Amino acid sequence: MGEGKPREPSLWGAVWFGGIALAGLVLAIYCLLRLPPARERLAVAEAVAPIHVTDELVHETRRRGASTWRRQNIAVAGAGRGYLVVSPPRTLWVPDIDRLDRGTKVRFLIDPDARLIYEARLGERVLLSYETSAGSRRGAALGGLGFAGLMLAVGGFGLWRERRLFTG
C-alpha cells in the first residue's frame, strides 16, 4: 500500500464546517429556549363559561411530508395581562371546553410569553395535564437538541481536520 499525500487544508472547508457548527449552536440555543418552564413558573388564568374558543386548521410542510392539525385558541383572563388568547401545545386539545354549563369556572396554567396552555382544570377534574403538555414540548426540544449536537460534532470534527490552516 502506498502512502498518500496529506490533504491540504481548505479555507472553504473551514468556512463550511464553521457554518455547520454555528448553525448547530443556534439550533441548540433555540431548542433550549423551547423546553417547557417549571410548573411553579407558570401563571394562573381563569375563564368562565361560555368560553370563547376558536379553532384553526394548521398545515405544516416539513422534510418528511406535510401534516395538518387543529389548534384551539382560548380567551382567558388573568396572568396580569388582561385577556389573552392562548393555545395548548402542538396537536394537543382541551376537550369539551366549548360545552361547559354557563358560569362554570376553568383554571388554566399558562406561559403568557409563549401563549401556551400547560394545564386546564375544572375543579378537581383535569382537562389537560401539565405532564402531557410539558412532555410534548420536551420531546420536540430534545429531538432538536440531538440534531444540534450532531451538527456541532460534524462541524467541530471538520474544523479539527482543517486546523493546519489556522496553526500554520
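Located above this text is the structure these notes cover.
This text gives an overview of the structure that appears in the document.

1. Some words on the environment of G78
So, point 1. With respect to the helices and strands, the residue G78 is situated in strand β3 (residues 65–78).
So, point 2. Look at G78 and you get partly exposed, because its relative accessible area is 28%.
So, point 3. For G78 and A140, which are 62 residues apart along the polypeptide, the C-alpha to C-alpha distance reads 28 Å.
So, point 4. Discounting chain neighbours no more than four positions away, the residues touching G78 are V44 and A45.

2. Notes on the pairing of strand β2 (residues 53–62)
The side chains of a regular strand alternate, residue by residue, between the two faces of the sheet.
So, point 1. The sheet contact formed by β2 and β3 spans 10 bridges and is antiparallel. Its bridge partner being in β3, E56 is matched across the sheet by R71.
So, point 2. A loop of 2 residues connects β2 with β3, the two strands running antiparallel in sequence.

3. Brief notes about the packing of aromatic side chains
So, point 1. The tally for this structure, following the rule as stated, stands at 2 aromatic pairs.
So, point 2. Measuring from ring centre to ring centre gives 6.0 Å for Y118 and Y130, while their planes differ by 45 degrees; the resulting arrangement is tilted. With a gap of 12 residues between them, Y118 in strand β6 (residues 116–122) and Y130 in helix α2 (residues 130–161) connect regions that are remote in the sequence. Of the two residues, Y118 and Y130, both sit in the buried class.

Definitions and limits used
- Residues numbered from 1 in each chain as written.
- Predicted model: local features only at pLDDT ≥ 70, side-chain atom pairs only at ≥ 80, totals over all residues.
- Heavy atoms only, no water.
- Helix = DSSP H or I, 4+ residues; strand = E, 2+ residues; numbered from the N terminus.
- Buried < 20%, exposed > 50% of the residue type's maximum accessible area, 1.4 Å probe, protein only.
- Contact = heavy atoms within 4.5 Å.
- Pairing = 2+ DSSP bridges.
- Phe/Tyr/Trp six-rings, centres within 6.5 Å; stacked < 30°, edge-to-face > 60°.

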